[in-house]
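Coordinate inspection notes
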Amino acid sequence: MPWPLYLALKQLFPTGRFFSFYSAISIVGVMLGVMVLLIVQTVMNGFGDKIRENIVARDADIRVMGGIIKRDEWKELLTELEAREEVLAATPYAEGVVMMKNGQVPFMPYLRGIDPEREGMVLPLEKFLKNVEVEELKCTLDDLDDETIILGVDLARNLQVLPGDVVEVFTPLMLEKAKQDEILLPREMKVAGVFRSGWYEVDSLYGVVTLRVMQELYGLDRGIHGISIKLLDGEDADAVSRSLQEDYDSKGLPLRTLSWLKKNESFLFFLSMEKWVMFFIMIFIILVASFSIAVTLSVSVLRKTREIGLLAALGARRGQIAQTFCLQSIAIGTLGVTLGIAGALLALQYRNAVVTFLLGIFNAQDAFYQLYGFEGIPASYSMRDFVLVSFFTLLLTTVAGLLPAIRAARLKPAEALRSE
Amino acid sequence: MNDTVNTVLQAKGVEKSFQGPDGLTIDVLRSADLKVHSGESLSIRGESGSGKSTFLNVISWLDQPDKGLVFWDGLEVPALSRQELARRRSEVLGFVFQSYYLMPELNVLENVVMASRMIRMIGRAEWNRAEQLLEKVGLQERLKQLPSKLSGGERQRVAIARALMNRPSVILADEPTGNLDEETASLVMELLLNLSRKEEASLVLVTHNPTFAARTDRQVMLSGGKFEEVS
Ligand SMILES: Nc1ncnc2c1ncn2[C@@H]1O[C@H](COP(=O)(O)OP(=O)(O)OP(=O)(O)O)[C@@H](O)[C@H]1O
Ligand SMILES: [Mg+2]
């Protein structure tokens, strides 16, 4: 072992003691910084993924839209889309706002007309149906026919309806008819059951009917509003969306494609911005820890001035003296990063227990989970974050060691030996 | 025998001055000449501030003279490359300082071995030699102890063992007993004189104590920046 490394390690872990107090403080500082940074980034990633998942669940990967797409056209489009190798499944839909009433209180939710055979391949509707906790409210897609409707769980609660109850549905088309003095008769639909996506906006604003019912309500004949597409895992929704669009444009079809990424672009942008802002704020913790390393080592250079003189007398070159101190900060950084990663992984592993424990102290468990909608704290481990954090930390701690190292190397041996 | 071979250390016309705090130059060494022969012991005396420590720094090239030449084992020092200089220094010279300068984070044995560690890969041979040297200074029982647990005399004995570790040609000792009580001082001095003779190293001893100075083969006095032989 080269002696600068030997001496650096000995100064961190002196003979006969487990570690030195000063280096322990520096190591813990770096460790805490790395740990907090990684925990925050991982949980933020988890939230991001959860939110993305929810967006995808609501939106499908890509939508193809074009006003009203006539029957012959969309059948062909659907076959074409399903033949593409990036596409896992595609399903037609018709969607629009309606007014619903049970008794006196009106609501204006969206109704989505779906093909019950296909919908499950694109959107996790069946999962949403299973999510419902109360047995009496549950139903399956088989219960959906041209007389029935499935409501979001919060919408059903607002309407104060249970399965078996009837809701009245009014559509914009009826307004047109009302203008021509026709009698306004709402469509009566029996509630088959409810679904629960876990997202309040969806659960309080959506109802599901068959495509045929929606076509009648909106006067679409056999046409649809669009096609939802689910891609194979790992496909880039944006790229596929763009190539589809080019395809339709070149054929002169008046269709528009929209990927979920594009549709939620600004929201997703803020999501990733938030993550980076957090990163830059948090890196200051490590910056502070690096300063403490620089201070500790500078003090150590001062304390050890005579020993540095001695090293020169024993045959040390300047570069080697600098190395002795620089290697200390590198060792502190490496240990801090290692312990920080270990600590972060441990804390993330038991994150729910930790949060439950903390909430238990304040007696706030129920309120917390209700407010926030997800079960447990999400986490998504990103190799890139771990590498980035480790790299930055090592960089900062190494730079922190350079200053004292250069000071040590600059000392004149004779004067160092004279110093008291 | 050839004169140069016989001389392990030589200073020729060395001059050194410092800038004092009031801006005046203090001429500490004025054309100082000194030869140290192989195997001999030499004591340097002089008033406080006469430049004894400065001379030791210059002759070990820890500080550069303004003028003059320094030879180690007949080699002209300023001609050496930095790397060569550092290596030669640890091979030719052993240091014992007034305050012992042991590494506080290394134990006694590791402190002694450190001298070798700095110039080569160390192995069994080095550990054995260090143990033998520590035995010779009477510290065989304290090998694993940290310097902070030792008395001043014991620390100085460790420093002596360390100075001898690389079988140097010369040991430079700057008031090695300055921090010790009388009894311990004579014990340490005894060790230093005997061991350097046994290990065939010359000894350059800076001391205020005439009794200790009298025990060396040759005595010189530093005054007015020059050496004078004392007979
Ligand atoms: N780096 C320096 N800068 C300025 N003056 C210095 C420096 N080093 C030594 N001196 C001066 O040089 C003179 C000789 O100092 P030196 O330490 O060599 O004396 P000494 O003979 O060893 O004294 P002592 O017996 O007290 O140890 C002193 O006046 C001291 O103040
Ligand atoms: Mg002195």
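Residues numbered from 1 in each chain as written. Chains lettered and ligands numbered in written order. Predicted model: local features only at pLDDT ≥ 70, side-chain atom pairs only at ≥ 80, totals over all residues. Heavy atoms only, no water.

Details of the domain arrangement of chain A
According to the domain assignment, chain A contains domain 1 (3-52 + 267-418) and domain 2 (62-234). When each unit is reduced to the centre of its C-alpha atoms, the spacing between domain 1 of chain A and domain 2 of chain A is 53 Å. (Domains from an automatic or database assignment.)

Brief notes about the sheet that holds strand 7 (residues 166-170) of chain A
Residue and element names in this part refer to chain A. Across the sheet, which stays open at both edges, the eleven strands sit in the order 4-3-7-8-6-9-5-2-10-1-11 with mixed pairing between neighbours. The sheet is open, and its two edges are formed by strand 4 (105-107) and strand 11 (256-259), each paired on a single side. Sheet twist, expressed as the average angle between the axes of neighbouring strands with direction ignored, equals 35°. Relative to strand 4, strand 3 (residues 99-102) runs antiparallel, the two sharing three bridges. Within strand 4, the residue paired with Asn102 across the bridge is Val105. Against the sheet, helix 9 (residues 211-218) contacts strand 2 (87-97), strand 5 (110-114), strand 7, strand 8 (187-195), strand 9 (206-210) and strand 10 (224-231), and its axis sits at roughly 35° relative to strand 2. (Pairing = 2+ DSSP bridges. Helix = DSSP H or I, 4+ residues; strand = E, 2+ residues; numbered from the N terminus. Axes fitted to C-alpha atoms, helices over the stretch in contact; angles between N-to-C directions. Contact = heavy atoms within 4.5 Å.)

Focus on the interface of chain B and chain A
Opposite the 26 residues of chain B that make contact, chain A presents 23 residues. Interface of chain B and chain A: buried area, both sides summed, is about 2,500 Å²; carbon and sulfur atoms make up 64% of it. The three residues of chain B that bury the most area against chain A are Tyr101, Glu105 and Met118 of chain B, which together make up 28% of that side's buried surface. Put simply, chain B and chain A have two salt bridges between them. (Buried area = accessible area lost by both parts, 1.4 Å probe. Salt bridge = Lys/Arg side-chain N within 4 Å of Asp/Glu carboxyl O.)

A short note on helix 2 (residues 52-59) of chain B
Residue pairs three or four apart in sequence face the same way in an α-helix, which turns once every 3.6 residues. Residues and elements named next belong to chain B. Of all eight residues making up helix 2, seven are buried, and the element is well covered by its neighbours. When helix 2 is considered as a whole, its buried residues turn out to be Lys52, Thr54, Phe55, Leu56, Asn57, Val58 and Ile59. Directly after helix 2, the chain includes Trp61, whose backbone phi takes a positive value near 60°. (Buried < 20%, exposed > 50% of the residue type's maximum accessible area, 1.4 Å probe, protein only.)

Looking at a nonpolar patch on the surface
Taken together, the side chains of Met1, Leu5, Leu9, Phe13, Phe18, Phe19 and Leu335 of chain A define a hydrophobic patch exposed on the protein surface, amounting to about 640 Å² of accessible area. Structurally, Met1 of chain A is set in the segment before helix 1 (3-12). (Patch = residues over 30% accessible without salt bridge, like charges linked within 9 Å, V, L, I, M, F, W, Y side chains within 5 Å. Areas by Shrake-Rupley, 256 points an atom, 1.4 Å probe, with all protein chains shown as cover.)

Let's talk about the sheet that holds strand 10 (residues 226-230) of chain B
One key point about sheets: their strands pair by backbone hydrogen bonds, in either a parallel or an antiparallel sense. Residue and element names in this part refer to chain B. Pairing within the open sheet is mixed, and its six strands lie in the order 6-7-8-3-9-10. Among the strands making up the open sheet, the edge pair consists of strand 6 (93-96) and strand 10. Each strand axis lies, on average, 20° off the axis of its neighbour in the sheet, ignoring direction. Pairing analysis gives five bridges linking strand 7 (residues 170-174) to strand 8 (residues 202-206), with the strands arranged parallel. Bridge pairing in strand 8 places Leu172 opposite Val204. The strands that helix 7 (residues 182-198) touches are strand 6, strand 7 and strand 8; relative to strand 8, the one it contacts most, it runs at about 155°.

Overview of a positive patch on the surface
On the surface, Arg318, Arg410 and Lys412 of chain A together with Arg82 of chain B cluster together into a positively charged patch. Topologically, Arg82 of chain B is positioned in helix 3 (residues 82-92). You can call Arg82 of chain B exposed: its relative accessible area is 62%. (Lys, Arg positive; Asp, Glu negative; His and termini not counted. Charge placed at Lys NZ, Arg CZ, Asp CG, Glu CD.)

Let's talk about the packing of helix 14 (residues 318-349) of chain A against helix 17 (residues 383-410) of chain A
Residues and elements named next belong to chain A. Between helix 14 and helix 17, the shortest axis-to-axis distance is 7 Å and the interhelical angle comes to 155°. Regarding the angle of helix 14 to helix 17, the classification is roughly antiparallel. Of the two elements, helix 14 crosses helix 17, and the hand of that crossing is right-handed. When helix 14 is examined against helix 17, the residues Arg318, Ile321, Ala322, Phe325, Cys326, Ser329, Ile330, Gly333, Thr334, Val337, Ile341 and Leu345 are found in contact with a partner set consisting of Phe386, Ser390, Thr393, Leu394, Thr397, Thr398, Gly401, Leu402, Ala405, Ala408, Ala409 and Arg410. Class assignment for the residues of the contact of helix 14 with helix 17 results in 14 nonpolar, eight polar and two charged. (Parallel < 35°, antiparallel > 145°, perpendicular 65-115°, else oblique. Left-handed = near helix turned anticlockwise from the far one by under 90°. Nonpolar A, V, L, I, M, F, W, Y, C, P; charged D, E, K, R; others polar.)

Concerning unusual backbone geometry
In this model, Gln160 of chain A sits at a positive phi of 60°, which is unusual for a non-glycine residue. Here Gln160 of chain A shows up in the loop between helix 6 (153-159) and strand 7. The exposure class of Gln160 of chain A is exposed, given its relative accessible area of 66%. Despite not being glycine, Glu200 of chain B has its phi angle at roughly 60°, a positive value.

Digging into the environment of Gly219 of chain A
Residues and elements named next belong to chain A. Tracing the sequence through the fold places Gly219 in the loop between helix 9 and strand 10. What makes Gly219 partly exposed here is its relative accessible area of 46%. It is 58 Å that separates the C-alpha atoms of Gly219 and Leu346, two residues lying 127 residues apart in sequence.

Observations concerning the pattern of salt bridges
All names here are of chain A. All chains considered together, the criterion is met by 31 salt bridges over all chains. A salt bridge links Arg118 to Glu82; its shortest N-O distance comes to 2.7 Å. Of this pair, Arg118 sits in helix 4 (residues 116-122) while Glu82 sits in helix 3 (residues 71-83); the two residues are 36 residues apart in sequence, bridging distant segments of the chain. Taking the relative accessible area as the measure of exposure, Glu82 reaches 33% and is therefore partly exposed. Salt-bridge contacts for Lys179 lead to Glu176; the nearest nitrogen and oxygen are separated by 3.8 Å.

Quick word on the site of ligand 1
Neighbouring ligand 1 are 15 residues, the closest being Ser48, Gly49, Lys52, Ser53 and Thr54 of chain B. At the site occupied by ligand 1, nearby residues are drawn from chains A and B. The protein chains hide 73% of the 630 Å² of surface that ligand 1 would expose on its own. The set of elements that each furnish at least two residues to the shell around ligand 1 consists of helix 18 (413-418) of chain A together with strand 1 (7-19) and helix 2 of chain B. Considering every element that reaches the shell around ligand 1, the biggest residue donor is helix 2 of chain B, with three residues. Classifying every residue of the shell around ligand 1 by side-chain character gives two nonpolar, eight polar and five charged. (Near = heavy atom within 4 Å.)

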